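Spelled out, the chains give:
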Amino acid sequence: MAAPVSLLVEFGGGAELLFDGIKKHQVTLPCQQEPWDIRNLLKWIKQNLLKERPELFIQGDTVRPGILVLINDADWELMGELDYKLQDQDNVVFISTLHGG
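Anyway, here's the lowdown on the structure attached to this text. Sequence order as written defines residue numbering, which begins from 1 separately in each chain. Local features in a predicted model are, by the rule used here, given only for residues with pLDDT of at least 70; side-chain atom pairs are given and counted only at 80 or more, and totals for whole chains, interfaces and linings are based on all residues. With hydrogens and water stripped out, all remaining heavy atoms of the structure feed into the side-chain values.

## Observations concerning helix α1 (residues 38–48)
What counts here: Exposure classes here rest on a 1.4 Å probe applied to the protein chains alone. A residue is buried below 20% of its type maximum, exposed above 50%, and partly exposed in between. In this description a helix means any DSSP run of H or I spanning at least four residues, a strand means any run of E spanning at least two, and both kinds are numbered starting from the N terminus. In this analysis, two residues are considered to be in contact whenever any of their non-hydrogen atoms come within 4.5 Å of each other. For this analysis, a polar contact is any N or O atom pair within 3.5 Å, provided that within protein one partner can donate a hydrogen and the other can accept it, and provided that sequence-adjacent residues contribute only side-chain to side-chain pairs.
Where α1 is concerned, the buried positions are Ile 38, Asn 40, Leu 41, Leu 42, Trp 44 and Ile 45. Tucked into the core, α1 has its buried residues touching β1 (5–12), β2 (24–29), β3 (58–59), β4 (62–63), β5 (67–71) and β7 (90–96). The opening residue of α1, the one whose side-chain oxygen lies 3.3 Å from the backbone nitrogen of Arg 39, is Asp 37.

## Structural notes on the environment of Leu 7
Turning to its location among the elements, Leu 7 is positioned in strand β1. With relative accessibility at 0%, the residue Leu 7 sits in the buried group. Linking Leu 7 and Asp 37, residues 30 residues apart in sequence, is a C-alpha distance of 12 Å. Those residues in contact with Leu 7 that sit more than four places away from it in its chain are His 25, Gln 26, Val 27, Leu 29, Leu 41, Leu 86, Gln 87 and Asp 90.

What follows is the structure, given as structure tokens:
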């Protein structure tokens, strides 16, 4: 059984507008059978934090193209993307690079 995981989840570049305009969320993910990874975090965010227009944040089981994801200030592509196993006190940042014109 995986222990609860405390994270700082941040949204920027306009993505925060999908989360009631709140940029920083201190969250504690509950115990579950498998260790928490980014894939499961995205499902949790969709169910617990996302307030409107999920199609602007989630596409399938990942983030929509144009959303930059940083894990502890490193590009998630270097960390294993969806398979990265979350650690207690990780900082996960989602920054939208999608802007109207």
